[in-house]
Amino acid sequence: MEADISANSFERASKESRLLGRDEQFRCLAEDLVRSPEYDTIRGLSHHDASLADHSVAVAYYAFVIARRLGFRRNLVELARGALLHDFFHYDWRVSRPRSGGLHGFDHPREALENAETAYGPLSRLERDIVLRHMWPLTPIPPRYAESIIVCIVDKAVSIGESWRSLRSGKGLGVL
Ligand SMILES: [Fe+2]
Ligand SMILES: [Fe+2]
């Protein structure tokens with residue numbers, strides 16, 4: 001599976017670049033983090049029909065555009081950063097489990113937060129909420145902030161689109 005990803009690394013990098021290039025404000029907010037060496041850890045991991053980096057950049061981009069369209073102005077940097085890091089886990093979710101040994105769907109937000117704070121330092125309260133609560137209602141505690149709710153909804157919409165494309169291409173859905 002990883003060989004498949006690396007074989008298409010140029011195309012996948014192009015997907016990220018395309019999203020970054022669509023909006024100048026988003027590119028300015030997101031580029032430093034996406035281009036950082038630490039972000040390579042999720043660039044080689046698969047997520048439905050995309051890499052985990054493609055998925056995360058897509059969630060951040062659409063959440064950012066929707067929030068700005070709704071009139072959000074103050075917390076757009078934190079929204080973008082939280083969304084870019086919401087799935088910052090470092091294992092293949094189709095064949096491995098989180099460090100906790102629990103189920104991926106329930107435990108990866110905590111692991112993503114730990115990895116993100118190790119790589120990039122302490123996250124803000126809003127960024128932490130975006131990462132920890134993005135799997136609600138599968139995980140019981142709901143998002144606390146409007147920005148977290150937007151990311152939570154956009155993550156599901158992007159994942160459904162990726163799953164649909166993965167099914168149509170015959171790759172299947174994987175597991176929680
Ligand atoms: Fe997730
Ligand atoms: Fe996600």
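Residues numbered from 1 in each chain as written. Chains lettered and ligands numbered in written order. Predicted model: local features only at pLDDT ≥ 70, side-chain atom pairs only at ≥ 80, totals over all residues.

Draft legend 1. Broad picture of helix 8 (residues 146–168). Across its 23 residues, helix 8 extends 33 Å between first and last C-alpha, which sits within 8% of the 33 Å expected from 1.5 Å per residue. Residues of helix 8 that are buried include every one of E147, S148, I150, V151, C152, V154, D155 and V158, and no others. After helix 8 finishes, the residue G170 shows a positive phi value of roughly 85°. (Helix = DSSP H or I, 4+ residues; strand = E, 2+ residues; numbered from the N terminus. Expected span 1.5 Å × (residues − 1). Buried ≥ 20, exposed ≤ 12 C-beta atoms within 10 Å, placed from the backbone.)

Draft legend 2. Region of interest: helix 5 (residues 76–84). Extensive coverage of helix 5 is indicated by the burial of 7 of its 9 residues. Residues of helix 5 that are buried sit in contact with helix 3 (24–34), helix 4 (52–69), helix 7 (125–133) and helix 8. (Contact = placed C-beta atoms within 7 Å.)

Draft legend 3. Summary view of unusual backbone geometry. Between W136 and the following residue, P137, the backbone shows a cis peptide bond with an omega angle of 10°. With respect to the secondary-structure elements, P137 resides in the loop between helix 7 and helix 8.

Draft legend 4. Local environment of the environment of E16. As for its placement among the helices and strands, E16 is situated in helix 2 (residues 9–22). The exposure class assigned to E16 is buried, which follows from the 23 C-beta atoms found within 10 Å. Sequence separation between E16 and Y61 is 45 residues; the distance between their C-alpha atoms is 9.9 Å. With residues up to four places along the chain from it excluded, the contact list for E16 reads V34, A53, D54 and V57.

Draft legend 5. The packing of helix 6 (residues 104–120) against helix 7, seen in detail. Relative to each other, helix 6 and helix 7 sit at 145°, their axes nearing to 7 Å. Contacts between helix 6 and helix 7 involve P109, R110, A112, L113 and A116 from the former and R128, V131 and L132 from the latter. Its residues assigned to classes, the contact of helix 6 with helix 7 shows 6 nonpolar, no polar and 2 charged. (Axes fitted to C-alpha atoms, helices over the stretch in contact; angles between N-to-C directions. Nonpolar A, V, L, I, M, F, W, Y, C, P; charged D, E, K, R; others polar.)

Draft legend 6. The nonpolar core, seen in detail. Counting 37 residues, the largest nonpolar core has V59, A60, A63, A80, A83 and V151 as the members making the most contacts within it. Secondary structure elements with two or more residues in this core: helix 3, helix 4, helix 5, helix 6, helix 7 and helix 8. Considering each element in turn, this core owes the most residues, 11 residues, to helix 4. Apart from the residues lying within four places of it in its own chain, the contact partners of V59 are A83, H86, V151, V154, D155 and V158. (Core = buried A, V, L, I, M, F, W, Y, C linked by C-beta atoms within 7 Å.)

Draft legend 7. Quick peek at the environment of P109. Mapped onto the elements of the fold, P109 is located in helix 6. For P109, a count of 24 C-beta atoms within 10 Å translates into the label buried. Put simply, P109 and D87 are 22 residues apart on the chain and 6.7 Å apart in space, counted from C-alpha to C-alpha. Setting aside its immediate chain neighbours within four residues, P109 contacts V131, L132, H134, M135 and T139.

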